[in-house]
Amino acid sequence: MDRGTKTCVIEVCVIACCFFFTSTFAFTQTVTVDATQSHVANTFSPVRSLGAAIDRLRTGTPEKLLTDPLLKEILNAGWQTVTYRQNTELMVEAWHWNPDGRWSNPEKQEGYFVGNAEPTSEMIRHGWAAPLPHRGFSRGDGNGWSRLTDGDPKSYWKSNPYLTKAFTGEDDSLHPQWVMIDLGSKIDVNAIRIAWAQPYARKYSVQFWTGELEPFYEGTTKGTWQTFPLGTVTEGAGGTVTLKLVSWMIPVRYLRIWMTESSNTCDSHGSADKRNCVGYAISELYVGALSADGQFNDYVTHFPSRDQTVTWPSSVDPWHAATDMDESRGDQVGFDFFFTCGVTRGLPTMVPIAMLYSTPEDAANEIAYLYKRHYPISWIEMGEEADGQHMLPEDYGALYLQFATAIHKLVPEAKLGGPPFEGTFGDVEVWPDATGNVSWLGRFLNYLKAHGRLSDLTFFSFEHYPYQDRPTYSWADLYLEPQYVRHIVQVWKDDGLPPNIPFFMTEGNIGGGAPPSTVKSALWLADYVGSMMTAGAGATYYFHYMPYPDHPGFLLLDRDFNLKGYPPQYLATQVIAKEWVLPVDAPHKLYKASSDVTDDAGNVLVTAYAVERPDGQWSVMLVNRDQYNAHSVKLKFFDSDNNRDRRFAGRVDRITFGSEQYQWHQQGISGYADPDGPLAKSVVQGGAGELYQLPKASITVLRGGVER
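Q: Tell me about the overall build of the protein, residues and numbers included.
A: Scanning the protein from terminus to terminus reveals 11 helices and 40 strands. A compact globule built from 708 residues would reach a C-alpha radius of gyration of about 27 Å, and the protein, at 28 Å, matches this within 12%. In terms of overall dimensions, the protein has C-alpha extents of about 90 × 65 × 60 Å along its principal axes. By residue count, 59% of the 708 residues in the protein fall in the buried class. Of the contacts made within the protein by residues no fewer than 6 positions apart, 78% connect residues no fewer than 24 positions apart. About 27,400 Å² of surface is accessible on the protein, with carbon and sulfur atoms providing 50% of the total. Each charge class in the protein was averaged separately, 59 positive and 82 negative side chains, and the resulting centres sit 4 Å apart.

Q: Requested: an account of helix 11 (residues 568-580), with residues and values cited.
A: Spanning 13 residues, helix 11 covers 17 Å between terminal C-alpha atoms, matching the ideal 18 Å at 1.5 Å per step. Taken across its 13 residues, helix 11 has 12 buried, putting it largely inside the fold. Of the residues making up helix 11, those classed as buried are Pro568, Gln569, Tyr570, Leu571, Ala572, Thr573, Gln574, Val575, Ile576, Ala577, Glu579 and Trp580.

Q: Tell me about the packing of helix 6 (residues 360-372) against helix 7 (residues 393-410), residues and numbers included.
A: Look at helix 6 against helix 7: their axes get within 8 Å of each other, and the N-to-C directions meet at 35°. The way helix 6 lies across helix 7 gives a crossing that is right-handed. Between helix 6 and helix 7, the contacting residues are Pro360, Ala363, Ala364, Asn365, Ile367 and Ala368 on the first element and Gln402, Phe403, Ala406, Ile407 and Leu410 on the second. A per-class count over the contact of helix 6 with helix 7 returns nine nonpolar, two polar and no charged.

Q: So what's going on with the state of the cysteines? Which residues, and what values?
A: One pass over the full model with this rule turns up one disulfide. Between the sulfur of Cys266 and that of Cys277 lies a disulfide, 2.0 Å long from S to S. Taking the sign of the S-S torsion, 100° for the link of Cys266 and Cys277, the bridge is right-handed. Taken together, the residues span a long stretch of sequence, with Cys266 in the loop between strand 16 (250-262) and strand 17 (281-290) and Cys277 in the loop between strand 16 and strand 17 at a distance of 11 residues. For Cys266, a relative accessible area of 29% puts it in the partly exposed group. Overall, the relative accessible area of 9% leaves Cys277 in the buried class.

Q: Residues and numbers for the sheet that holds strand 3 (residues 42-44), please.
A: Overall, antiparallel pairing links the seven strands, which are arranged 3-29-31-32-40-35-38 in an open sheet. Of all the strands in the sheet, just strand 3 and strand 38 (680-685) have a single pairing partner and so form its edges. Across the sheet, the mean angle separating the axes of adjacent strands is 20° when strand polarity is ignored. Bridge analysis of strand 35 (residues 648-658) against strand 38 gives six bridges, and the strand direction is antiparallel. Bridging from a neighbouring strand, Arg651 pairs with Gln685 of strand 38. Each of strand 3, strand 29 (588-591), strand 31 (606-612), strand 32 (618-624), strand 35 and strand 40 (698-706) touches helix 10 (residues 520-534); the most contacted strand, strand 31, lies at about 50° to it.

Q: I'd like to hear about the pattern of salt bridges, residue by residue, with values.
A: Per the stated rule, a full pass over the model turns up 26 salt bridges. Measuring nitrogen to oxygen at the nearest pair gives 3.1 Å for the salt bridge that ties Glu579 to Arg703. Of this pair, Glu579 sits in helix 11 while Arg703 is found in strand 40, placing the two residues 124 residues apart along the sequence. We note that Glu579, like Arg703, is buried. Residue Arg651 is joined to Asp653 by a salt bridge in which the shortest nitrogen-to-oxygen separation is 2.9 Å. By relative accessible area, which is 12% here, Asp653 ends up buried. Among the charged side chains, a salt-bridge network with shared partners connects Arg85, Glu381, Glu384, Glu463 and Glu507.

Q: Give me the nonpolar core: which residues, what numbers.
A: In globular proteins that are soluble, nonpolar side chains generally tend to be buried together. Among the nonpolar cores identified, the biggest contains 169 residues, and Met382, Tyr545 and Trp580 are the most heavily contacted of them. In this view, Trp580 contacts Phe44, Val529, Val575, Leu590, Tyr609, Val611, Arg613, Ser619, Val620, Met621 and Val701; residues no more than four positions away in its chain are not counted. Residues Val31, Tyr479, Leu622 and Leu702 belong to the second largest nonpolar core, which totals 22 residues.

Q: Please set out the packing of aromatic side chains residue by residue, giving values where relevant.
A: How two aromatic rings sit relative to each other is given by the distance of their centres and the angle of their planes. For the structure shown, the criterion picks out 46 aromatic pairs. Ring geometry for Trp209 against Trp225: centres 5.2 Å apart, planes inclined by 55°, an arrangement best described as tilted. Of this pair, Trp209 sits in strand 13 (residues 201-209) while Trp225 sits in strand 14 (residues 225-233); the two residues are 16 residues apart in sequence, bridging distant segments of the chain. Aromatic rings pair up to connect Tyr396, Tyr400, Phe421, Trp440, Phe444, Phe460, Phe462, Trp492 and Phe503 into one cluster. The ring centre of Trp379 lies 5.2 Å from the NZ or CZ of Lys415, which sits over that ring.

Q: A description of helix 6 should follow, citing residues and the corresponding values.
A: For helix 6, which comprises 13 residues, the first-to-last C-alpha distance of 18 Å matches the rise-based estimate of 18 Å (1.5 Å per residue) to within 8%. Within helix 6, 10 of the 13 residues are buried, which leaves the element mostly enclosed by the surrounding structure. For helix 6, the full list of buried residues reads Pro360, Asp362, Ala363, Ala364, Asn365, Glu366, Ile367, Ala368, Tyr369 and Leu370. Looking one or two residues beyond helix 6, the residue adopting positive phi is His374, at roughly 65°.

Q: If you had to explain the side chain of Asn365 to someone new, which residues and values would you point to?
A: Position of Asn365 among the secondary structure elements: in helix 6. Side-chain polar atoms of Asn365 contact the backbone oxygen of Gly115, separated by 2.8 Å. In contact with Asn365, not counting residues within four places along its chain, are Trp97, Arg102, Val114, Gly115, Ala117 and Leu410.

Rules of the game
Residues numbered from 1 in each chain as written. Predicted model: local features only at pLDDT ≥ 70, side-chain atom pairs only at ≥ 80, totals over all residues. Heavy atoms only, no water. Helix = DSSP H or I, 4+ residues; strand = E, 2+ residues; numbered from the N terminus. Rg over C-alpha atoms; globule rule 2.2 N^0.38 Å. Buried < 20%, exposed > 50% of the residue type's maximum accessible area, 1.4 Å probe, protein only. Contact = heavy atoms within 4.5 Å. Areas by Shrake-Rupley, 256 points an atom, 1.4 Å probe, with all protein chains shown as cover. Lys, Arg positive; Asp, Glu negative; His and termini not counted. Charge placed at Lys NZ, Arg CZ, Asp CG, Glu CD. Expected span 1.5 Å × (residues − 1). Axes fitted to C-alpha atoms, helices over the stretch in contact; angles between N-to-C directions. Left-handed = near helix turned anticlockwise from the far one by under 90°. Nonpolar A, V, L, I, M, F, W, Y, C, P; charged D, E, K, R; others polar. Disulfide = S-S within 2.5 Å. Pairing = 2+ DSSP bridges. Salt bridge = Lys/Arg side-chain N within 4 Å of Asp/Glu carboxyl O. Core = buried A, V, L, I, M, F, W, Y, C linked by side-chain atoms within 4.5 Å. Phe/Tyr/Trp six-rings, centres within 6.5 Å; stacked < 30°, edge-to-face > 60°. Lys NZ or Arg CZ within 6 Å of the ring centre and 35° of its normal. Polar contact = N/O pair within 3.5 Å; in protein donor to acceptor, adjacent residues only side chain to side chain.

Function cannot be read off these values alone, since they describe shape.
Written as structure tokens, this is what we have:
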């Protein structure tokens, strides 16, 4: 090793056949921690960087979950800062963060609602939302359906007015709006019927998807949108139009209407508000075939439920009315209750603004309100999962700049960022632009740069759910987590994320297949946190933080919200947030580690994450992902400056959680854990020949001082 390089070497000896072999016969395996001072992978404060996410809660539950004694149990796990998630965006709803506000049409209590920025003596305890009446989505969270195929000629989808020239200052052709139809399978078609509402498209194209996979996610770059031979309209006049798209039949599943010029005529809400008179609106869509005698055969299912033919739009107008409010769909926890109940621990909190289905004025008032209340705010996340709503990056960028301008007008010091992406293994790709660029993040960054506004992005955020769509997974899948983290972080860097902009994983968990009957999810959690922080994250936020009765989650509760038990991730959190690190606002230095503790297939069985804590101790978190075998560890710190080995000296604290501290007992369709903790704690003596045991399927922290 070069002079000046300090390396901590952890030698691991495998326990085999229940006998401890001497060093003469044991096969030595090594975990190496690069402790060179100039090679610090990350420096972070646990109280600002190791947190949890709080989302919309079931109606009637916030007062039970966010008060003692249950809140005390939740906080005792050890997560520190929190991020407040914005679920109404996923539901395609307008969020009333403050029930006190004004309507753009106060006489009818409808239009665009803006919450009051001025605090009053009344505490905001609840946050309700309204499903948008001009929705175009047939899928997504919630229980809403599209107005494009609901069979009601009086309802209509309408695009977001804030994506038009009246608000962006850019030609509408730079922000084309679209609706997509999914027929469910390939069907021979040659015609479309569009019942336009107001405003209608003067210029548009009807296109079909050439790929075998869907146009989003897996199939995004594996096909193209091709305009039907007769599918281009340059002088649209509105009304109900039947277009013969081709003189023969083409088998298609996905169709798209691509709109580039609006009539700018006013919708059913009148001309008093210019937002009613821009964009595009469609009452109903029909796709099928024109017979030789001119009869139109419709293949679309029209129904006001999710049984309708599926449609997706580019955006939705946030117009709504007081009569649309629905308190049964969940409580987006009132800000005053949230900040005063104790869940934030008084620490700076990341808060969101609704952006995809809101107005700049409402978002700005929200942030102004929080600052006037003097609540500690760290960061402001702009919207929620724009990629999951299939919004193109240029449209998100146009909204981002409008909302950033409005917020900074009232709160200049506000730190803004986003998008956040929903969980993904790789790059978020979208339909290519004119240059062939398919990177969502790359194009969003380019949009900000082109407008001279990159400085408005002070952080980048994304979510992480590696097994979200899988009902189960094997133990071997746990081995992949560090690779997933390294890969996705490198993807964001390759997309052009500037190195001076911090990145946060603002919501995540292992996803499906993690019942309380196994400690797999606990081992994943330790590996994920260690990997993400080693990759340089500014913070990570655990989700689902809030438990629910008779539902496997962060705590096990009965129907009366009484504590039944501590699941594996709760106990793993105590290891990570209270033992591996100090829960104080002071810098911890994190060093990269590599391991050759592998199985015959080359899978790394033991991972390690080492921090130099502000109390002067070294703390090494080791995750033994071997389901069946214990390992013993010989620790050696190699100091190349003095060319000598250094070891733990004197007292070494050993804290373990694993399959020995948590055992599940199946009981019919349910079950219970006994034991469910506590963590196993012991004290051993450091020294040259000391072996530190790592039980099978466990997380172990070894903590102490080293020889001088």
